[in-house]
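The lines below spell out each chain.
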Amino acid sequence: MSTHQSMAGILAWFWNERFWLPHNVTWADLKNTDEATFPQAEDLYLACPLAFCIFMIRLVFERFIARPCAMGLKIQTNGPQKAQPNAILEKVFTAITKHPDEKRLEGLSKQLDWDVRTIQRWFRQRRNQEKPSTLARFCESMWRFTFYLYIFTYGVRFLKKTPWLWNTKECWYNYPYQPLTVDIHYYYILELSFYLSLLFSQFTDIRRKDFLIMFLHHVATISLITFSYVNNMARVGTLVMCLHDAADVLIEAAKMANYAKCQILCNLLFAMFAILFISSRLGVYPVWILNTTLFESWEIVGPYPSWWVFNLLLILLQLLHSFWSYLIVKTACRAISKGKVSKDDRSDIESSSDEDDSPPPNQKHHNSTTNGTNKNHGTNGYLTGAPYPDEH
């Protein structure tokens, strides 16, 4: 009984009306009636089984739709070149380090009577063996592209009929007594389910260099979707989701073009993505979204505790936008200098030919060859890994 009481106490503390809702509003005021339906926290439970269903749909999609498309485009099914078998190096790789330092390289060189560059090449090829093939990356990007295209199209068709798309103050008039429509409910549950599936699949998908940043992004996105639904900020939430989905479509299309070796199309799509991303995330987002959540809502509704949390999450998202915009500009500058978008420091696969351009191992900066990233290449980490959510 004491356990039950303590659990009830924790739930009562968590769902404290003074935190979640504006002054003088209670949960009882937002219970569903015959006249109106409002968002209920338990509605979101549906997203967990649906996230699993989306993950299973993805597996079927990649196997029976994306894979045949990739084969039709003659995308390679084999992975990178394999390292020649060597028991000593394999033991070092599996038991000690995948990125040996200069001292260890020299020791192995003497032990095997191999030159240091050959050992560097072996470790690079061995690391690449654990990376997925171009085919697998194409299938992943095609799945994301298909989902983003669908959900963005749905969002635009839905939002163009709403008053708050044209006047953001409509997000706050009569708040929080704004009824939940079927369209908003569907939009929210589908987006939340997809990002839950992305969060889980991060541990099974291609390992990115920005794993922690992406993890933070997914958690922030899921938190924003949940927060805005529970306290009925769903109107402004739909604007945030639709704004973010637009650029996701283009980056996944650019990655597919890159994997298919359609370089001109890849460059064109990446340029379109860069323009849209920077203008929407550093321009439209703060001027349109943050302006209404910070200032218009303050004027019409006034602040309360969960309002602060919601806006802090939106500002965190803006910081992530700024970081990714920096990466995009960096990518674009390298691409211009090389004449094409080819590879950058977010690349999720190491080039097996990188060692040909490596500096001699006795140079202090030889680690740039052993860490799997050639700094002299062009730039397409955005084309070999999802840069954000995927970003919301």
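This structure is a prediction, so every number in the text was calculated from the model and none was measured. (Residues numbered from 1 in each chain as written. Predicted model: local features only at pLDDT ≥ 70, side-chain atom pairs only at ≥ 80, totals over all residues. Heavy atoms only, no water.)

1. With respect to the UniProt feature "transmembrane region" (unreviewed entry) in the protein chain
In plain terms, the rule: UniProt positions are given in the numbering used here, feature names are shortened, and annotations may be inferred rather than shown by experiment. Working definition: helices are DSSP H or I runs of at least four residues, strands are E runs of at least two. Numbering for both runs from the N terminus.
What UniProt calls "transmembrane region" (unreviewed entry) maps, in this numbering, to residues 44-61, 186-204, 211-230, 266-288 and 308-329. Each end of residues 44-61 is marked by a C-alpha atom, and these two atoms are 25 Å apart; helix forms 83% of the span and strand 0%. The span residues 186-204 shows a helical share of 84% and a strand share of 0%, and its end C-alpha atoms are spaced 27 Å apart.

2. Notes on helix H5 (residues 102-112)
Formally: Throughout, exposure labels follow a simple rule: accessible area from a 1.4 Å probe, protein chains only, divided by the maximum for the residue type, with under 20% read as buried, over 50% as exposed, and the rest as partly exposed. Picture the helix axis, draw a direction to every C-beta atom, and the arc is the one those directions span.
Buried within H5 we find Leu105, Leu108, Ser109 and Leu112. The buried side chains of H5 occupy one side of the element, clustering within an arc of 105 degrees when seen end-on. Looking at H5, the residues exposed on the side facing more than 90 degrees away from the buried face are Lys103, Lys110 and Gln111.

3. Structural notes on helix H11 (residues 234-259)
For clarity, the threshold we go by: How far a helix is expected to stretch is found by multiplying one less than its residue total by 1.5 Å.
Taking 1.5 Å of rise per residue, 26 residues should cover 38 Å, and H11 covers 37 Å from first to last C-alpha, within 8% of that figure. In terms of burial, H11 is largely enclosed, as 26 of its 26 residues are buried. Directly after H11, the chain includes lysine 261, whose backbone phi takes a positive value near 60 degrees.

4. Thoughts on the packing of aromatic side chains
Our working rule: Note on aromatic pairs: the rings of Phe, Tyr and Trp (six-membered ring only in Trp) are paired at centre separations within 6.5 Å, and the planes decide the class, stacked below 30 degrees, edge-to-face beyond 60, tilted for the rest. When the NZ atom of lysine or the CZ atom of arginine is within 6 Å of a ring's centre and also within 35 degrees of its normal, the charge is said to sit over that ring.
Tallied over the full model, the rule gives 30 aromatic pairs. Considering the side-chain rings of phenylalanine 14 and tryptophan 15, the 4.9 Å spacing of their centres and the 90 degrees angle between planes classify their relative orientation as edge-to-face. Taking relative accessible area as the criterion, phenylalanine 14 reaches 41% and is therefore assigned partly exposed. Between phenylalanine 147 and tyrosine 148 the ring centres are 6.2 Å apart and the planes differ by 70 degrees, which places this aromatic pair in the edge-to-face class. Note on tyrosine 148: relative accessible area 0%, which makes it buried. Sitting over the face of the ring of phenylalanine 64, arginine 63 holds its NZ or CZ atom 5.3 Å from the ring centroid.

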